[in-house]
Amino acid sequence: MTVDDSNSGEAAQPPSESPGYPTPHHIVDHTAEPTDDPLAIRLEQLILGAERRYTPFQAARTAGVSMDLASRFWRAMGFADIGQAKALTEADVLALRRLAGLVEAGLLSEPMAVQVARSTGQTTARLAEWQIDSFLEGLTEPPEAGMTRTEVTYPLVELLLPELEEFLVYVWRRQLAAATGRVVQAADDEEMVDRRLAVGFADLVGFTRLTRRLEEEELGELVEAFETTCADLVAAHGGRLIKTLGDEVLYAADDAGTAAEIALRLIETMTHDQTMPALRVGIAFGTVTTRMGDVFGTTVNLASRLTSIAPKDTVLVDGAFAEELIRTGDAPVSEAQAAEAEKEGEAPPAYRFGLQPMWQRPVRGLGVVEPWLLGRRA
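Described below are features of the structure shown in this document. The shown structure was predicted, so the numbers you read here are calculated from the model rather than taken from an experiment.

1. Focus on helix 5 (residues 90–104)
- Helix length check: helix 5 (15 residues) gives 21 Å between terminal C-alpha atoms against 21 Å at 1.5 Å per residue, within 8%.
- For helix 5, the full list of buried residues reads Asp92, Val93, Leu96, Leu99 and Ala100. Angular distribution of buried residues about the axis of helix 5 spans 135°; they occupy a single face of the element.
- Where helix 5 begins, the side chain of Thr89 points an oxygen toward the backbone nitrogen of Ala91, at a separation of 3.1 Å.
- Looking one or two residues past helix 5, Gly106 carries a phi angle of roughly 80°, positive in sign.

Okay, structure coming up:
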(Lines give C-alpha, C1' and ligand atoms only; values in the text may rest on other atoms or scores of the structure.)
Protein backbone atom coordinates (compact mmCIF):
# COMPACT_ATOMS: atom_id res chain seq x y z
CA MET A 1 0.00 0.00 0.00
CA THR A 2 2.17 2.84 -1.26
CA VAL A 3 1.38 6.24 -2.68
CA ASP A 4 3.18 8.92 -4.65
CA ASP A 5 4.53 11.80 -2.58
CA SER A 6 2.64 14.25 -4.76
CA ASN A 7 -0.67 12.76 -3.66
CA SER A 8 -0.09 12.23 0.02
CA GLY A 9 2.46 14.77 1.09
CA GLU A 10 4.20 11.98 3.03
CA ALA A 11 7.02 9.77 1.82
CA ALA A 12 6.14 6.11 2.00
CA GLN A 13 8.67 4.05 3.87
CA PRO A 14 10.62 1.48 1.87
CA PRO A 15 9.94 -2.18 2.57
CA SER A 16 11.98 -3.61 5.41
CA GLU A 17 13.12 -6.49 3.21
CA SER A 18 15.42 -5.49 0.38
CA PRO A 19 14.08 -6.52 -3.06
CA GLY A 20 17.55 -7.76 -3.90
CA TYR A 21 17.29 -10.67 -1.48
CA PRO A 22 14.87 -13.59 -1.38
CA THR A 23 12.03 -13.42 1.09
CA PRO A 24 12.84 -15.49 4.22
CA HIS A 25 10.77 -18.67 4.47
CA HIS A 26 8.91 -17.45 7.54
CA ILE A 27 7.75 -14.22 5.89
CA VAL A 28 4.46 -14.54 4.03
CA ASP A 29 4.71 -12.94 0.60
CA HIS A 30 1.14 -12.37 -0.53
CA THR A 31 0.21 -10.38 -3.58
CA ALA A 32 -2.60 -7.90 -3.61
CA GLU A 33 -2.16 -7.00 -7.25
CA PRO A 34 -5.59 -6.18 -8.65
CA THR A 35 -6.92 -8.45 -11.37
CA ASP A 36 -9.36 -7.95 -14.21
CA ASP A 37 -10.51 -11.57 -14.25
CA PRO A 38 -14.32 -11.45 -13.81
CA LEU A 39 -14.55 -14.62 -11.71
CA ALA A 40 -11.64 -13.55 -9.49
CA ILE A 41 -13.34 -10.21 -8.89
CA ARG A 42 -16.65 -11.91 -8.08
CA LEU A 43 -14.92 -14.28 -5.65
CA GLU A 44 -13.08 -11.41 -4.02
CA GLN A 45 -16.31 -9.48 -3.52
CA LEU A 46 -18.00 -12.59 -2.12
CA ILE A 47 -15.19 -13.27 0.36
CA LEU A 48 -14.58 -9.66 1.40
CA GLY A 49 -18.26 -8.73 1.36
CA ALA A 50 -17.55 -5.42 -0.34
CA GLU A 51 -16.58 -3.91 -3.67
CA ARG A 52 -13.35 -2.12 -4.51
CA ARG A 53 -13.74 1.58 -3.80
CA TYR A 54 -10.47 3.09 -2.63
CA THR A 55 -6.89 3.64 -3.65
CA PRO A 56 -4.41 3.17 -0.78
CA PHE A 57 -4.21 6.93 -0.26
CA GLN A 58 -8.01 7.29 -0.20
CA ALA A 59 -8.34 4.38 2.25
CA ALA A 60 -5.76 5.88 4.61
CA ARG A 61 -7.38 9.31 4.45
CA THR A 62 -10.88 7.90 5.02
CA ALA A 63 -9.61 5.90 8.01
CA GLY A 64 -7.88 8.97 9.43
CA VAL A 65 -4.50 7.21 9.33
CA SER A 66 -1.20 8.49 7.98
CA MET A 67 -0.09 6.92 4.73
CA ASP A 68 3.12 5.80 6.41
CA LEU A 69 1.27 3.88 9.15
CA ALA A 70 -1.24 2.46 6.67
CA SER A 71 1.63 1.13 4.53
CA ARG A 72 3.29 -0.45 7.54
CA PHE A 73 0.06 -2.18 8.58
CA TRP A 74 -0.54 -3.40 5.03
CA ARG A 75 2.95 -4.82 4.61
CA ALA A 76 2.89 -6.33 8.11
CA MET A 77 -0.23 -8.28 7.15
CA GLY A 78 1.77 -9.76 4.27
CA PHE A 79 0.41 -7.90 1.26
CA ALA A 80 2.39 -6.47 -1.64
CA ASP A 81 2.39 -2.79 -2.53
CA ILE A 82 -0.31 -1.98 -5.09
CA GLY A 83 0.64 1.52 -6.15
CA GLN A 84 -2.47 3.65 -6.64
CA ALA A 85 -4.82 0.96 -7.92
CA LYS A 86 -8.42 1.23 -6.73
CA ALA A 87 -8.41 -2.16 -5.02
CA LEU A 88 -9.38 -1.54 -1.38
CA THR A 89 -12.77 -1.86 0.28
CA GLU A 90 -14.72 -0.59 3.27
CA ALA A 91 -13.34 -3.57 5.21
CA ASP A 92 -9.78 -2.34 4.62
CA VAL A 93 -10.74 1.11 5.86
CA LEU A 94 -12.39 -0.35 8.96
CA ALA A 95 -9.33 -2.52 9.72
CA LEU A 96 -7.04 0.51 9.51
CA ARG A 97 -9.37 2.52 11.69
CA ARG A 98 -9.53 -0.21 14.33
CA LEU A 99 -5.77 -0.71 14.57
CA ALA A 100 -5.12 3.02 14.66
CA GLY A 101 -7.89 3.42 17.27
CA LEU A 102 -6.19 0.92 19.57
CA VAL A 103 -3.01 2.98 19.31
CA GLU A 104 -4.81 6.29 19.90
CA ALA A 105 -6.61 4.87 22.93
CA GLY A 106 -3.28 3.81 24.42
CA LEU A 107 -4.25 0.12 24.46
CA LEU A 108 -1.43 -0.78 22.06
CA SER A 109 1.79 0.97 21.18
CA GLU A 110 2.37 1.56 17.48
CA PRO A 111 5.07 -1.16 17.24
CA MET A 112 2.74 -3.58 19.04
CA ALA A 113 -0.11 -2.80 16.62
CA VAL A 114 2.21 -3.56 13.70
CA GLN A 115 3.21 -6.79 15.43
CA VAL A 116 -0.47 -7.73 15.83
CA ALA A 117 -0.95 -7.16 12.11
CA ARG A 118 2.13 -9.22 11.25
CA SER A 119 1.36 -12.18 13.51
CA THR A 120 -2.26 -12.31 12.35
CA GLY A 121 -1.25 -12.00 8.71
CA GLN A 122 1.38 -14.73 8.88
CA THR A 123 -0.87 -17.17 10.72
CA THR A 124 -3.98 -16.69 8.60
CA ALA A 125 -1.97 -16.60 5.37
CA ARG A 126 -0.69 -20.10 5.99
CA LEU A 127 -4.21 -21.27 6.82
CA ALA A 128 -5.67 -19.68 3.68
CA GLU A 129 -2.96 -21.17 1.46
CA TRP A 130 -3.60 -24.62 2.90
CA GLN A 131 -7.36 -24.32 2.42
CA ILE A 132 -6.98 -23.33 -1.21
CA ASP A 133 -4.18 -25.76 -2.11
CA SER A 134 -5.46 -28.82 -0.28
CA PHE A 135 -9.05 -28.26 0.72
CA LEU A 136 -10.81 -26.43 -2.07
CA GLU A 137 -8.70 -28.05 -4.76
CA GLY A 138 -10.02 -31.46 -3.79
CA LEU A 139 -13.62 -30.31 -3.43
CA THR A 140 -13.89 -28.43 -6.70
CA GLU A 141 -13.43 -31.39 -8.99
CA PRO A 142 -16.12 -30.88 -11.67
CA PRO A 143 -19.08 -33.10 -10.76
CA GLU A 144 -19.97 -33.74 -14.37
CA ALA A 145 -18.38 -33.60 -17.80
CA GLY A 146 -18.31 -30.21 -19.44
CA MET A 147 -18.09 -28.22 -16.21
CA THR A 148 -14.94 -26.34 -15.29
CA ARG A 149 -13.43 -26.07 -11.84
CA THR A 150 -14.02 -22.33 -11.82
CA GLU A 151 -17.76 -22.90 -12.34
CA VAL A 152 -17.84 -25.03 -9.21
CA THR A 153 -15.70 -22.75 -7.05
CA TYR A 154 -18.08 -19.80 -6.58
CA PRO A 155 -21.11 -21.69 -5.20
CA LEU A 156 -18.81 -23.84 -3.05
CA VAL A 157 -17.13 -20.81 -1.49
CA GLU A 158 -20.55 -19.21 -1.00
CA LEU A 159 -21.70 -22.23 1.01
CA LEU A 160 -18.49 -22.82 2.99
CA LEU A 161 -17.51 -19.23 3.83
CA PRO A 162 -19.91 -18.52 6.73
CA GLU A 163 -19.32 -21.94 8.31
CA LEU A 164 -15.52 -21.70 8.08
CA GLU A 165 -15.61 -18.14 9.40
CA GLU A 166 -17.61 -19.19 12.47
CA PHE A 167 -15.31 -22.14 13.07
CA LEU A 168 -12.19 -19.98 12.75
CA VAL A 169 -13.50 -17.52 15.35
CA TYR A 170 -14.45 -20.39 17.67
CA VAL A 171 -11.00 -22.01 17.50
CA TRP A 172 -9.29 -18.63 17.94
CA ARG A 173 -11.33 -17.88 21.06
CA ARG A 174 -10.58 -21.33 22.45
CA GLN A 175 -6.84 -20.92 21.83
CA LEU A 176 -6.89 -17.40 23.26
CA ALA A 177 -8.62 -18.64 26.43
CA ALA A 178 -6.06 -21.44 26.84
CA ALA A 179 -3.09 -19.14 26.25
CA THR A 180 -4.45 -16.50 28.64
CA GLY A 181 -5.00 -19.12 31.31
CA ARG A 182 -1.40 -20.29 31.05
CA VAL A 183 -0.03 -16.77 31.30
CA VAL A 184 -2.09 -15.59 34.28
CA GLN A 185 -0.98 -18.65 36.26
CA ALA A 186 2.67 -17.57 35.92
CA ALA A 187 4.47 -17.14 39.23
CA ASP A 188 5.35 -13.48 38.72
CA ASP A 189 5.27 -10.67 36.17
CA GLU A 190 8.67 -11.52 34.71
CA GLU A 191 7.66 -15.13 34.16
CA MET A 192 4.66 -13.95 32.12
CA VAL A 193 7.12 -12.88 29.41
CA ASP A 194 10.22 -15.01 29.98
CA ARG A 195 8.83 -18.33 31.15
CA ARG A 196 10.37 -21.62 32.26
CA LEU A 197 9.24 -24.27 29.82
CA ALA A 198 10.26 -27.66 28.52
CA VAL A 199 11.09 -27.39 24.83
CA GLY A 200 11.43 -30.40 22.56
CA PHE A 201 12.50 -31.01 18.97
CA ALA A 202 11.47 -34.22 17.17
CA ASP A 203 13.47 -34.92 14.03
CA LEU A 204 13.14 -37.57 11.31
CA VAL A 205 16.44 -39.39 10.82
CA GLY A 206 17.80 -39.63 7.28
CA PHE A 207 15.20 -37.28 5.79
CA THR A 208 17.64 -35.77 3.31
CA ARG A 209 18.34 -39.20 1.83
CA LEU A 210 14.60 -39.82 1.60
CA THR A 211 14.09 -36.69 -0.47
CA ARG A 212 16.38 -38.15 -3.14
CA ARG A 213 14.49 -41.48 -3.27
CA LEU A 214 10.84 -40.55 -2.99
CA GLU A 215 8.62 -38.93 -5.57
CA GLU A 216 7.32 -35.48 -4.65
CA GLU A 217 3.81 -36.77 -3.93
CA GLU A 218 5.13 -39.56 -1.70
CA LEU A 219 7.36 -37.12 0.14
CA GLY A 220 4.44 -34.76 0.67
CA GLU A 221 2.30 -37.57 2.06
CA LEU A 222 5.06 -38.65 4.44
CA VAL A 223 5.60 -35.12 5.76
CA GLU A 224 1.85 -34.59 6.18
CA ALA A 225 1.50 -37.89 8.06
CA PHE A 226 4.46 -37.01 10.30
CA GLU A 227 3.17 -33.52 11.09
CA THR A 228 -0.37 -34.78 11.70
CA THR A 229 0.80 -37.54 14.04
CA CYS A 230 3.02 -35.14 15.99
CA ALA A 231 0.32 -32.47 16.23
CA ASP A 232 -2.24 -34.95 17.52
CA LEU A 233 0.09 -36.51 20.11
CA VAL A 234 1.41 -33.17 21.36
CA ALA A 235 -2.11 -31.76 21.78
CA ALA A 236 -3.56 -34.94 23.30
CA HIS A 237 -0.95 -35.07 26.06
CA GLY A 238 -1.08 -31.39 27.04
CA GLY A 239 1.75 -29.83 25.02
CA ARG A 240 1.72 -27.08 22.41
CA LEU A 241 2.97 -27.48 18.88
CA ILE A 242 5.07 -24.39 18.18
CA LYS A 243 5.89 -25.05 14.53
CA THR A 244 6.62 -27.70 11.94
CA LEU A 245 9.66 -27.63 9.66
CA GLY A 246 8.99 -30.50 7.29
CA ASP A 247 11.15 -33.20 8.87
CA GLU A 248 11.14 -31.60 12.32
CA VAL A 249 8.60 -30.34 14.83
CA LEU A 250 9.10 -28.02 17.79
CA TYR A 251 6.81 -28.32 20.80
CA ALA A 252 6.67 -26.92 24.31
CA ALA A 253 5.11 -27.94 27.61
CA ASP A 254 4.69 -26.24 30.95
CA ASP A 255 6.24 -29.12 32.89
CA ALA A 256 8.95 -31.69 32.29
CA GLY A 257 6.69 -34.70 32.85
CA THR A 258 4.35 -33.66 30.04
CA ALA A 259 7.24 -33.05 27.65
CA ALA A 260 8.80 -36.41 28.51
CA GLU A 261 5.54 -38.29 27.95
CA ILE A 262 5.08 -36.62 24.56
CA ALA A 263 8.63 -37.45 23.47
CA LEU A 264 8.35 -41.13 24.37
CA ARG A 265 4.90 -41.40 22.79
CA LEU A 266 6.31 -39.94 19.57
CA ILE A 267 9.15 -42.46 19.52
CA GLU A 268 6.81 -45.37 20.30
CA THR A 269 4.27 -44.35 17.67
CA MET A 270 6.81 -43.81 14.91
CA THR A 271 8.63 -47.06 15.74
CA HIS A 272 5.45 -49.02 15.11
CA ASP A 273 4.77 -47.26 11.80
CA GLN A 274 6.70 -49.09 9.08
CA THR A 275 6.20 -46.22 6.63
CA MET A 276 8.07 -43.75 8.85
CA PRO A 277 11.83 -43.22 9.21
CA ALA A 278 13.42 -43.42 12.65
CA LEU A 279 12.84 -40.50 15.00
CA ARG A 280 15.03 -38.76 17.57
CA VAL A 281 14.03 -36.19 20.17
CA GLY A 282 15.97 -33.62 22.21
CA ILE A 283 14.45 -31.75 25.17
CA ALA A 284 15.74 -28.94 27.37
CA PHE A 285 14.19 -27.13 30.33
CA GLY A 286 14.70 -23.51 31.24
CA THR A 287 13.82 -19.88 30.59
CA VAL A 288 12.26 -19.28 27.19
CA THR A 289 11.29 -16.04 25.50
CA THR A 290 8.02 -16.22 23.57
CA ARG A 291 7.26 -13.91 20.66
CA MET A 292 4.45 -14.15 18.10
CA GLY A 293 3.76 -17.76 19.00
CA ASP A 294 7.40 -18.81 18.63
CA VAL A 295 10.01 -19.55 21.30
CA PHE A 296 13.60 -18.32 21.50
CA GLY A 297 16.63 -18.51 23.74
CA THR A 298 19.43 -20.74 24.94
CA THR A 299 16.99 -23.43 26.08
CA VAL A 300 15.60 -23.75 22.55
CA ASN A 301 19.10 -23.86 21.06
CA LEU A 302 20.14 -26.56 23.51
CA ALA A 303 17.11 -28.71 22.68
CA SER A 304 17.98 -28.42 18.99
CA ARG A 305 21.61 -29.43 19.60
CA LEU A 306 20.54 -32.41 21.73
CA THR A 307 18.32 -33.58 18.89
CA SER A 308 21.18 -33.45 16.43
CA ILE A 309 23.37 -35.73 18.61
CA ALA A 310 20.63 -38.13 19.74
CA PRO A 311 20.83 -41.70 18.38
CA LYS A 312 17.81 -42.83 16.41
CA ASP A 313 14.68 -43.82 18.36
CA THR A 314 15.97 -42.18 21.53
CA VAL A 315 15.26 -39.11 23.64
CA LEU A 316 18.11 -36.99 25.02
CA VAL A 317 17.47 -34.36 27.68
CA ASP A 318 19.66 -31.77 29.40
CA GLY A 319 20.67 -31.69 33.04
CA ALA A 320 18.06 -29.08 34.00
CA PHE A 321 15.31 -31.24 32.51
CA ALA A 322 16.59 -34.31 34.40
CA GLU A 323 16.67 -32.33 37.65
CA GLU A 324 13.11 -31.16 37.07
CA LEU A 325 11.87 -34.73 36.55
CA ILE A 326 13.61 -35.77 39.79
CA ARG A 327 12.23 -32.77 41.70
CA THR A 328 8.66 -33.53 40.67
CA GLY A 329 8.98 -37.22 41.53
CA ASP A 330 8.65 -38.39 37.92
CA ALA A 331 12.11 -39.99 37.93
CA PRO A 332 14.46 -41.37 40.63
CA VAL A 333 17.73 -39.70 41.53
CA SER A 334 19.38 -42.87 40.30
CA GLU A 335 18.37 -46.41 39.45
CA ALA A 336 20.71 -47.67 42.19
CA GLN A 337 18.89 -45.59 44.81
CA ALA A 338 15.53 -46.85 43.60
CA ALA A 339 16.76 -50.47 43.74
CA GLU A 340 18.14 -49.97 47.25
CA ALA A 341 14.80 -48.64 48.47
CA GLU A 342 13.07 -51.71 47.09
CA LYS A 343 15.59 -54.02 48.81
CA GLU A 344 14.90 -52.40 52.17
CA GLY A 345 11.21 -53.16 51.77
CA GLU A 346 10.12 -49.58 51.21
CA ALA A 347 7.16 -49.05 48.91
CA PRO A 348 8.73 -47.99 45.63
CA PRO A 349 7.60 -44.58 44.37
CA ALA A 350 5.56 -44.59 41.19
CA TYR A 351 8.33 -43.25 38.97
CA ARG A 352 7.22 -42.87 35.35
CA PHE A 353 10.59 -42.26 33.75
CA GLY A 354 14.17 -43.43 34.02
CA LEU A 355 17.28 -41.35 33.40
CA GLN A 356 20.68 -42.60 32.33
CA PRO A 357 23.65 -40.19 32.26
CA MET A 358 25.49 -40.14 28.95
CA TRP A 359 28.94 -39.01 27.95
CA GLN A 360 29.89 -35.37 28.37
CA ARG A 361 30.59 -33.65 25.11
CA PRO A 362 31.08 -30.16 23.70
CA VAL A 363 28.10 -28.69 21.90
CA ARG A 364 28.63 -25.95 19.37
CA GLY A 365 27.93 -22.55 20.88
CA LEU A 366 26.88 -23.95 24.27
CA GLY A 367 30.04 -25.41 25.78
CA VAL A 368 30.23 -28.86 27.38
CA VAL A 369 26.92 -30.53 28.23
CA GLU A 370 26.02 -33.86 29.83
CA PRO A 371 22.99 -35.34 28.08
CA TRP A 372 20.71 -37.82 29.82
CA LEU A 373 18.96 -40.69 28.06
CA LEU A 374 15.25 -40.67 28.87
CA GLY A 375 13.22 -43.85 29.02
CA ARG A 376 10.22 -45.45 30.67
CA ARG A 377 10.43 -47.41 33.91
CA ALA A 378 8.53 -50.66 34.28
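Back to the text.
2. Describing the pattern of salt bridges
- Here the structure, examined in full by the defined rule, presents 13 salt bridges.
- Notably, a salt bridge pairs Arg52 with Glu44, separated by 2.8 Å at the nearest N-O pair.
- We note a salt bridge from Arg376 to Glu261, for which the minimum N-O separation is 2.9 Å. Taken together, the positions of Arg376 in strand 10 (residues 372–376) and Glu261 in helix 10 (residues 256–271) put the pair 115 residues apart, joining distant regions of the chain.
- A relative accessible area of 11% means that Glu261 is categorised as buried.
- Members of the salt-bridge network, linked through shared partners, are Glu261, Arg265, Glu268, Asp330, Arg352 and Arg376.

3. As for the packing of helix 10 against helix 12 (residues 319–327)
- Put simply, helix 10 and helix 12 touch, their axes get as near as 9 Å, and they point 110° apart. Classified by the interaxial angle, the pair formed by helix 10 and helix 12 is roughly perpendicular. Contacts between helix 10 and helix 12 involve Ala256, Gly257, Ala259 and Ala260 from the former and Phe321, Glu324 and Leu325 from the latter.
- In terms of residue class, the contact of helix 10 with helix 12 is built from five nonpolar, one polar and one charged.

4. Considerations on a nonpolar patch on the surface
- Where nonpolar side chains cluster on the molecular surface, the patch consists of Leu127, Trp130 and Leu168 and spans about 280 Å² of accessible area.
- Tracing the chain through its elements places Trp130 in helix 6 (residues 110–139).

5. What about the packing of aromatic side chains?
- Evaluated as defined, the whole model comprises two aromatic pairs.
- Ring centres of Trp74 and Phe79 lie 4.8 Å apart, and the angle between their planes is 35°; on these two criteria the pair is classed as tilted.
- Given a relative accessible area of 6%, Trp74 falls into the buried group.
- By relative accessible area, Phe79 is classed as partly exposed at 27%.
- The interplanar angle of 40° and the centroid separation of 6.0 Å between the aromatic rings of Phe167 and Tyr170 together place this pair among those described as tilted. You can see Phe167 and its partner Tyr170 sitting in helix 7 (residues 149–184), three residues apart, about one turn around the helix.
- Using a relative accessible area of 47% as the deciding quantity, one classes Tyr170 as partly exposed.
- The ring of Tyr154 carries Arg42 above its face, with NZ or CZ at 4.1 Å from the centroid.

6. Focus on the pairing of strand 4 (residues 279–291)
- Here strand 4 runs beside strand 6 (residues 315–317); their pairing, made up of three bridges, is parallel. Within the sheet, the bridge partner assigned to Ile283 lies in strand 6 and is Val317.
- In this sheet, strand 5 (residues 294–296) lies alongside strand 4 in antiparallel orientation, the contact comprising three bridges. In the sheet register, Thr290 faces strand 5, and the bridge partner there is Val295.
- Linking strand 4 to strand 5, which pair antiparallel, is a turn of two residues; within it Met292 sits at a positive phi near 50°.

The rules behind each value
- Residues numbered from 1 in each chain as written.
- Predicted model: local features only at pLDDT ≥ 70, side-chain atom pairs only at ≥ 80, totals over all residues.
- Heavy atoms only, no water.
- Helix = DSSP H or I, 4+ residues; strand = E, 2+ residues; numbered from the N terminus.
- Expected span 1.5 Å × (residues − 1).
- Buried < 20%, exposed > 50% of the residue type's maximum accessible area, 1.4 Å probe, protein only.
- Arc of directions from axis to C-beta.
- Polar contact = N/O pair within 3.5 Å; in protein donor to acceptor, adjacent residues only side chain to side chain.
- Salt bridge = Lys/Arg side-chain N within 4 Å of Asp/Glu carboxyl O.
- Axes fitted to C-alpha atoms, helices over the stretch in contact; angles between N-to-C directions.
- Parallel < 35°, antiparallel > 145°, perpendicular 65-115°, else oblique.
- Contact = heavy atoms within 4.5 Å.
- Nonpolar A, V, L, I, M, F, W, Y, C, P; charged D, E, K, R; others polar.
- Patch = residues over 30% accessible without salt bridge, like charges linked within 9 Å, V, L, I, M, F, W, Y side chains within 5 Å.
- Areas by Shrake-Rupley, 256 points an atom, 1.4 Å probe, with all protein chains shown as cover.
- Phe/Tyr/Trp six-rings, centres within 6.5 Å; stacked < 30°, edge-to-face > 60°.
- Lys NZ or Arg CZ within 6 Å of the ring centre and 35° of its normal.
- Pairing = 2+ DSSP bridges.

Keep in mind these numbers describe shape, not what the thing actually does.
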